[in-house]
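Listed here are the chains, written in short residue letters.
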Amino acid sequence: MTEVRPTLSLPASDAHGTAAGVRPLTPGELAHLDRARAHLRASGTDLADAGAVGALLHSMRSRWAAGPAAPVPQAMVMALGVGVGDLVVSRAPGARWALRTSGAAPTPAVVSASGADAALPLADVASRWESGCGPEWVSEYVAAASAHLTTDAVPDVPHPRTPARVAAATATFRTPADLPFPPSPAAQDIALGVLDQVLEAALTPGAAAAPFAVVDGSPAQGHDVRAFDGAPEVALQEARAWVRSSGAARAAVAWFGQLPADDADRPAVLVEASDAGAPSLVVAHRYTAATPEGDGRARPARPVGEPLVLGQAAPLL
């Protein structure tokens, strides 16, 4: 049975505890949601607009609270919950309706692509009907819920495609463990090990400054290292293509470039590494190039600062 972590811990949602599992909705349960949608469409509200649905919830709840004592209009509250859930589904890639099978009673929920996270819009809307909310609550809830349900998806971080620049911000993470999707120890090891190798090459006079790739656990090669000559950008693309075709358990590509936010315009070595199917880890180390004798006092190349964790990208392989 799929384990489901607690629903949103953000202010847009109340706590519901940890769900033991989920299952697909039956045809009858799907039809029940469709009837709720038809009830909500009868209001004439644009159901694709979170602001419009929020205004409807606020106005109907305010009218009910200001009128004579009356039971909660359960059909409308459920319809609003379904409408809010549909907005979350439309904004969270891979999210879907399912049945939460734990708790006091099974209830429809919106679950993430993996089924590991869930939001309970029907229960959340019912709670807000009781406590009251402003017209902006639905927009806030949908934003929070969709973000919550995409935390187990591959992060949308651009690949550092060229050796000249990396499309990532300079070190906003202290360690790999601070990343949204912490890489495995094996992926960290290969990333930092290859970073040491490429930094050593950068500091060695006469060493080739060409991209190279490392694969580990390949069915054909086991552990293998391959350099790629030619134009740096083309060579890096070839390195990535070789990694993708290797069938390895993990891999890394390394290149010589520069960090985009480095005001000193200092060179850097960069490495991207990942396990198969897992978000990659992008690391870098700045260095100062050697100064030849003809340009004043000769100085060897030397590293600058500590290794930097730049972020994450899509899986390498």
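Definitions and limits used
Residues numbered from 1 in each chain as written. Predicted model: local features only at pLDDT ≥ 70, side-chain atom pairs only at ≥ 80, totals over all residues. Heavy atoms only, no water. Helix = DSSP H or I, 4+ residues; strand = E, 2+ residues; numbered from the N terminus. Buried < 20%, exposed > 50% of the residue type's maximum accessible area, 1.4 Å probe, protein only. Contact = heavy atoms within 4.5 Å. Areas by Shrake-Rupley, 256 points an atom, 1.4 Å probe, with all protein chains shown as cover. Phe/Tyr/Trp six-rings, centres within 6.5 Å; stacked < 30°, edge-to-face > 60°. Lys NZ or Arg CZ within 6 Å of the ring centre and 35° of its normal. Pairing = 2+ DSSP bridges. Axes fitted to C-alpha atoms, helices over the stretch in contact; angles between N-to-C directions. Salt bridge = Lys/Arg side-chain N within 4 Å of Asp/Glu carboxyl O. Expected span 1.5 Å × (residues − 1). Arc of directions from axis to C-beta. Core = buried A, V, L, I, M, F, W, Y, C linked by side-chain atoms within 4.5 Å.

Student: Pulling in residues and values, what's your account of the overall build of the protein?
Tutor: A tally of regular secondary structure across the protein gives seven helices and 10 strands. Put simply, the protein has 317 residues, and 44% of those count as buried. Restricting to contacts in the protein with at least 6 residues of sequence separation, those with at least 24 account for 63%. About 14800 Å² of surface is accessible on the protein, with carbon and sulfur atoms providing 57% of the total.

Student: Please provide a residue-by-residue account of the packing of aromatic side chains, values included.
Tutor: For any pair of aromatic rings, geometry is given as the distance between the ring centres together with the angle between the planes. Evaluated as defined, the whole model comprises three aromatic pairs. Ring plane angle 35° and centroid distance 5.0 Å describe the contact between Trp137 and Tyr141, whose orientation is recorded as tilted. With Trp137 and Tyr141 both in helix α5 (residues 137-149) and four residues apart, the pair spans about one turn of that helix. Relative accessible area serves as the criterion here: at 5%, Trp137 is assigned to the buried category. Look at Phe228 and Trp242: their rings are 6.0 Å apart centre to centre, the planes differ by 55°, and that puts the pair in the tilted class. Here Phe228, found in the loop between β6 (222-227) and α7 (232-244), pairs with Trp242, found in helix α7; they are 14 residues apart in sequence, far enough to count as distant. For the pair Phe228 and Trp242, one class covers both residues: buried. Geometry around Trp255 places Arg240 over its ring, the cationic atom sitting 5.7 Å from the centre.

Student: Describe the sheet that holds β6, and please don't skip the residues or the numbers.
Tutor: An order of β6-β5-β7-β8-β9-β10 is seen for the six strands of this open sheet, with the pairing classed as antiparallel. The sheet is open, and its two edges are formed by β6 and β10 (302-313), each paired on a single side. Geometrically, the sheet is characterised by an average inter-axis angle of 15° between neighbouring strands, direction not taken into account. Pairing of strand β5 (residues 212-218) with strand β7 (residues 250-258) involves five bridges; the strand directions are antiparallel. Its bridge partner being in β7, Asp216 is matched across the sheet by Arg250. Contacting β5, β7, β8 (267-275), β9 (280-288) and β10, helix α6 (residues 185-203) runs over the sheet at an angle of about 155° to β8. Set on the sheet, α7 makes contact with β5, β6, β7 and β8; between it and β7 the angle comes to about 170°.

Student: Any chance you could break down the sheet that holds strand β3 (residues 107-111) for me, citing the residues and the numbers?
Tutor: Strands sit in the order β1-β2-β3-β4 across an open sheet of four strands; the sheet is antiparallel. Looking at the sheet topology across the chains shown, the edges are occupied by β1 (22-23) and β4 (118-119). Bridging between β3 and β4 involves two bridges; their strand directions are antiparallel. In the strand pairing of β4, Val111 is matched with Ala118. Most of the contacts of helix α3 (residues 74-91) go to strand β2 (residues 96-100), to which it runs at about 125°, and overall it touches β2 and β3.

Student: Please set out the pattern of salt bridges residue by residue, giving values where relevant.
Tutor: Under the criterion given, the structure shown has six salt bridges. Across the salt bridge formed by Arg240 and Glu272, the nearest N and O atoms sit 2.9 Å from each other. Here Glu272 lies in strand β8 and Arg240 lies in helix α7, a separation of 32 residues in the sequence. Each member of the pair, Arg240 as well as Glu272, carries the same accessibility label: buried. Between Asp275 and Arg250 there is a salt bridge, with its nearest N and O atoms 3.0 Å apart. Of this pair, Asp275 sits in strand β8 while Arg250 sits in strand β7, placing them 25 residues apart in sequence. For the residue pair Asp275 and Arg250, the accessibility class agrees, reading buried in each case. When salt bridges with common partners are traced through the structure, they connect Asp34, Arg37 and Asp86 into a single cluster.

Student: Could you give an account of α5, naming the residues involved and the relevant values?
Tutor: Owing to its 3.6 residues per turn, the α-helix aligns residues three or four sequence positions apart on the same side. With 13 residues, α5 should cover 18 Å at 1.5 Å per step; its first-to-last C-alpha distance of 18 Å lies within 8% of that length. Each element contacted by the buried residues of α5 is listed here: α2 (50-66), α3, β3, β4 and α4 (121-131).

Student: Outline helix α1 (residues 27-41), supporting the account with residue identities and numerical values.
Tutor: With 15 residues, α1 ought to run about 21 Å at 1.5 Å a step, and its terminal C-alpha atoms sit 21 Å apart, in line with that. Here α1 has its buried residues at Leu33, Ala36, Arg37 and Leu40. Down the axis of α1, the sector holding all buried residues measures 100°, keeping them to one side. Residues of α1 that are exposed and angled more than 90 degrees away from the buried face: Pro27, Arg35 and Arg41. The inward-facing, buried residues of α1 contact α2, α3, β2 and β3.

Student: Could you give an account of the nonpolar core, naming the residues involved and the relevant values?
Tutor: In this structure, Leu57, Leu80 and Val138 are the most contacted members of the largest nonpolar core, which totals 33 residues. Secondary-structure elements contributing two or more residues to this core are α1, α2, α3, β2, α4 and α5. The biggest single contributor to this core is α3, with eight residues.

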